[in-house]
Amino acid sequence: MPRDFLSLADHSPEQIRAYLDLARQVKLHPQGFRDVCRGRTLAMIFQKPSLRTRVSFETGIYQLGGQGLYLGPKDIQLHRGETIADTARVLSRYVDGIMARVFAHQDVVDLAAYADVPVINGLSDLLHPCQVLADLQTIEEKLGSLAGRKWTYIGDGNNMAHSILFGGALAGMTVAVGHPRGYAPDPEIVTRARDIAARTGGAIQVTEDPGLAAQEADVVYTDVWASMGQEAEHAERLKRFEGFQVDEAMMGRARPGAIFMHCLPAHRGEEVAAEVIDGPQSVVFDQAENRLHAQKAVMIKLMGDRW
Ligand code: CP
Ligand code: NVA
């Protein structure tokens, strides 16, 4: 198992399977894991806001017997020019693991390079692996299997699209991304996901036709049109993403038993219609809950006593 959790693509399909099996056990038997990180501290660096990531990591480490230390944008010296390298080396003298939510993905890579303790990516501009680990757990719970399923993502080719490409490919799924022109996922990520899919029996489809992407999907997923840090582009993106809302017509193209997923926070009336996210096919709050279980699995493996 890699020492850090920066990208799903750093893992083999078997390692992802091990995380998912442990996450399932943690969810079923939380009491069995309550001392696994006794006395351990997780530093949680946040350069951006968060509800789910902050609360699920802080609660999760507490439930494992340890404690979380919230370090917001104004709390530490990064914004005053202290380097990532120095921050990593100093934190390593105090804590047992670092979770970081950053803008530049290179920042989590550098944190991991200079830290002596495991580093977990709690979202970067490029990737959101914790979310997708929880999403894989949710899909498996709801549909009973992953391999061979079609996972469609409609919207911006952003951090969520990228991690879904990796996670779906690792699980042997068909991942379809339907994006507006000019908002495609990173071609290097797509190529890497295709390489993974070639080994797992999965497949990758990237298209500017959202209806085609949604066709026969088992999972329809979307995310905000303007991510954290892109607030100034919001009005422009509203225009450019017209036709990419996941509404009931779009869900109608998917398989009858398809589920709707969203990492949250959501904007009803923009990327998703209220009837869909608040409707019977939506599993968004199970996804949010599974962040807790999946991330406890990550902390157990990277910071725990017996693992
Ligand atoms: N999905 C997710 O990561 O939510 P937060 O930004 O609230 O942590
Ligand atoms: N793409 C979104 C995901 C939020 C969980 C963002 O980066 O803001």
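To start, this report covers the structure provided alongside it.

Glancing now at the pattern of salt bridges. Pairing between side chains of opposite charge can happen when their charged atoms approach one another. Overall, the coordinates contain 18 salt bridges when judged by the stated rule. Between Asp-218 and Arg-149 there is a salt bridge whose closest N-O contact spans 3.3 Å. On the criterion of sequence distance, the pair formed by Asp-218 in the loop between helix H8 (210–214) and strand E8 (219–222) and Arg-149 in the loop between helix H5 (129–143) and strand E5 (150–154) is long-range, its members being 69 residues apart. The salt bridge partner of Arg-255 is Asp-218, with a shortest N-O separation of 3.4 Å. With Arg-255 in the loop between helix H10 (248–253) and strand E9 (259–262) and Asp-218 in the loop between H8 and E8, this residue pair connects regions lying 37 residues apart in the sequence. By relative accessible area, which is 8% here, Asp-218 ends up buried. Here the salt bridges do not stand alone but share partners, grouping Arg-149, Glu-216, Asp-218 and Arg-255 into one network.

This paragraph deals with the site of ligand 1. Around ligand 1 sit Ser-50, Leu-51, Arg-52, Thr-53, Arg-101, His-128, Gln-131, Cys-263, Leu-264 and Arg-291, and those are all the residues in its vicinity. With respect to ligand 1, the side chain of Gln-131 contributes an N or O atom lying 3.0 Å from a nitrogen atom. At a separation of 2.9 Å, a nitrogen atom of ligand 1 approaches a polar backbone atom of Leu-264. Protein chains bury 96% of the 250 Å² of accessible surface belonging to ligand 1 in isolation. Most atoms of ligand 1, that is more than half of them, are within 2 Å of grid points of the largest pocket. Here the shell around ligand 1 is composed, by residue class, of three nonpolar, four polar and three charged.

Covalently bonding the sulfur atom of one cysteine to the sulfur atom of another cysteine gives a disulfide. Throughout the structure, instances matching the rule amount to zero disulfides. The thiol of Cys-37 is not disulfide-bonded; the next cysteine sulfur, from Cys-130, is found 14 Å away. With a relative accessible area of 0%, Cys-37 lands in the buried category.

Another point: the site of ligand 2. All residues in the neighbourhood of ligand 2 are listed as Leu-123, His-128, Asn-158, Asn-159, Asp-223, Val-224, Ser-227, Met-228 and Leu-264. Here a nitrogen atom of ligand 2 and a side-chain polar atom of Asn-158 are 3.3 Å apart. Between ligand 2 and Asn-159 there is a distance of 2.8 Å, counted from a nitrogen atom to a side-chain nitrogen or oxygen. Burial of ligand 2 by the protein chains amounts to 95% of its free accessible area of 270 Å². Cavity membership is defined here by more than half of the atoms lying within 2 Å of grid points; on that basis ligand 2 lies in the largest pocket. Taken together, the residues of the shell around ligand 2 break down into four nonpolar, four polar and one charged.

A separate point is the packing of helix H6 (residues 159–170) against helix H7 (residues 187–200). Put simply, H6 and H7 touch, their axes get as near as 8 Å, and they point 10 degrees apart. In terms of axis orientation, H6 runs roughly parallel to H7. Seen from H6, the contacting residues are His-162, Leu-165, Phe-166, Ala-169 and Leu-170; seen from H7, they are Ile-189, Val-190, Arg-192, Ala-193, Ile-196, Ala-197 and Thr-200. Class assignment for the residues of the contact of H6 with H7 results in nine nonpolar, two polar and one charged.

Right, let's talk about the layout of surface pockets for a bit. For the largest pocket, the calculated volume is near 430 Å³. The wall of the largest pocket is formed by 26 residues, among which Val-224, Ser-227, Met-228, Leu-264 and Pro-265 lie closest to the centre. Among the elements of the structure, helix H2 (52–63) and H6 are those that each provide at least two residues to the lining of the largest pocket. A class-by-class count of the residues in the lining of the largest pocket yields 11 nonpolar, eight polar and seven charged. In this structure, the second largest pocket spans a volume of roughly 190 Å³. Lining the second largest pocket are 14 residues, with Asp-125, Asn-158, Asn-159, Ser-227 and Gln-230 sitting closest to its centre.

Thresholds, definitions, all that
- Residues numbered from 1 in each chain as written.
- Chains lettered and ligands numbered in written order.
- Predicted model: local features only at pLDDT ≥ 70, side-chain atom pairs only at ≥ 80, totals over all residues.
- Heavy atoms only, no water.
- Salt bridge = Lys/Arg side-chain N within 4 Å of Asp/Glu carboxyl O.
- Helix = DSSP H or I, 4+ residues; strand = E, 2+ residues; numbered from the N terminus.
- Buried < 20%, exposed > 50% of the residue type's maximum accessible area, 1.4 Å probe, protein only.
- Near = heavy atom within 4 Å.
- Polar contact = N/O pair within 3.5 Å; in protein donor to acceptor, adjacent residues only side chain to side chain.
- Areas by Shrake-Rupley, 256 points an atom, 1.4 Å probe, with all protein chains shown as cover.
- 1 Å grid on protein atoms, 1.4 Å probe; cavity = no way out; pocket = protein on both sides within 12 Å on 5 of 7 lines; lining within 4 Å.
- Sits in = over half its atoms within 2 Å of the grid points.
- Nonpolar A, V, L, I, M, F, W, Y, C, P; charged D, E, K, R; others polar.
- Disulfide = S-S within 2.5 Å.
- Axes fitted to C-alpha atoms, helices over the stretch in contact; angles between N-to-C directions.
- Parallel < 35°, antiparallel > 145°, perpendicular 65-115°, else oblique.
- Contact = heavy atoms within 4.5 Å.
- Points joined across faces, edges and corners; volume = space filled by probe spheres on them.

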